[in-house]
Amino acid sequence: MSGDFAVRENIARGKVKMLIIATNTSERIKQDFVRMGQSKNIPTVLAFTKEELGSALGKSPVPQWRFWMQTLLRG
């Protein structure tokens with residue numbers, strides 16, 4: 001799932017198992033999501049650009065993406 005509000009909401013609900021944050025995301029957003037990930041013990045990775053993440057998802061550029069465990073297991 002991408003989208004700032006949706007990702008934040010799912011972090012709060014405990015549904016996020018891993019965060020991938022684009023390297024070209026604003027510093028404020030990076031810091032916010034890294035802090036949220038740390039506070040909830042969610043593995044957080046800074047990797048790829050927004051354009052690369054968006055392309056991998058078949059969407060427009062996205063600044064962050066989160067995984068649910070079910071998504072990882074299904075492949």
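Because the structure is predicted, anything quoted here is derived from the model rather than measured.

Trainee: Which residues make up the overall build of the protein, and what values do they have?
Mentor: A count of helices and strands for the protein gives four helices and three strands. Start at the N end of the protein and walk to the C end: the helices and strands fall as α-β-α-β-α-β-α.

Trainee: Could you give an account of the nonpolar core, naming the residues involved and the relevant values?
Mentor: Residues V7, I11, V16, L19, I21, I29, F33, M36 and I42 constitute the largest nonpolar core, which totals nine residues. Contributions of two or more residues to this core are made by helix 1 (4-12), strand 1 (18-21) and helix 2 (27-39). With three residues, the top contributor of residues to this core is helix 2. Those residues in contact with M36 that lie beyond four places of it in its chain are R8 and I11.

Trainee: Give a detailed account of the packing of aromatic side chains, specifying residues and quantitative values.
Mentor: Applying the stated rule across the entire model yields zero aromatic pairs. For R8, the ring lying beneath its charged end belongs to F33, and the centroid distance is 4.8 Å.

Trainee: Which residues make up helix 2, and what are the values?
Mentor: Helix length check: helix 2 (13 residues) gives 18 Å between terminal C-alpha atoms against 18 Å at 1.5 Å per residue, within 8%. Taken as a whole, helix 2 has its buried residues at I29, K30, D32, F33, M36 and G37. Taken down its axis, helix 2 places every buried residue within 165 degrees of arc, on the same side. Among the exposed residues of helix 2, those oriented more than 90 degrees off its buried face are E27, R28, Q38 and S39. N41 sits one or two positions beyond helix 2 and adopts a positive phi of about 55 degrees.

Trainee: Which residues make up the environment of N41, and what are the values?
Mentor: Checked against the element boundaries, N41 lands in the loop between helix 2 and strand 2 (44-46). The sequence separation of N41 and M18 amounts to 23 residues, and the corresponding C-alpha distance is 9.3 Å.

Trainee: Kindly report on the pairing of strand 1, identifying the contributing residues and their values.
Mentor: As judged from the three bridges shared by strand 1 and strand 2, these two strands associate in the parallel manner. Opposite I21, over in strand 2, you have L46 as the bridge partner. In this fold, strand 1 hands off to helix 2, which returns the chain to strand 2; that crossover is right-handed.

Rules behind the numbers
- In this convention, every chain numbers its residues from 1, walking through the sequence in written order.
- Reporting of local features is limited, given that this is a predicted model, to residues whose pLDDT is at least 70; pairs of side-chain atoms are given and counted only at 80 or more, and all residues count toward the totals for whole chains, interfaces and linings.
- Each side-chain value is derived from all of the structure's non-hydrogen atoms; neither hydrogens nor water enter the calculation.
- Counting from the N terminus, the helices are the DSSP runs of H or I reaching at least four residues and the strands are the DSSP runs of E reaching at least two.
- As used here, the term nonpolar core means buried Ala, Val, Leu, Ile, Met, Phe, Trp, Tyr and Cys residues forming a set that is joined through side-chain atoms within 4.5 Å.
- Only protein chains enter the accessibility calculation, which uses a 1.4 Å probe; a residue is then buried when its area is under 20% of its type maximum, exposed when over 50%, and partly exposed in between.
- Only heavy atoms matter for contacts: two residues are in contact if any of them lie within 4.5 Å across the pair.
- Stacked, edge-to-face and tilted labels apply to pairs of Phe, Tyr and Trp rings (six-membered ring for Trp) whose centres lie within 6.5 Å, assigned for plane angles under 30 degrees, over 60, and everything in between, in that order.
- Working rule: Lys NZ or Arg CZ, within 6 Å of ring centre, within 35 degrees of ring normal, means a charge sits over the ring.
- One less than the number of residues in a helix, times 1.5 Å, gives the span that helix is expected to have.
- Relevant arc is that of directions from the helix axis to the C-beta atoms, nothing else.
- The pairing criterion is simple: DSSP has to find at least two bridges between the two strands.
- When the strands point away from the viewer, a crossover counts as right-handed if the route from the first strand across the helix to the second turns clockwise.

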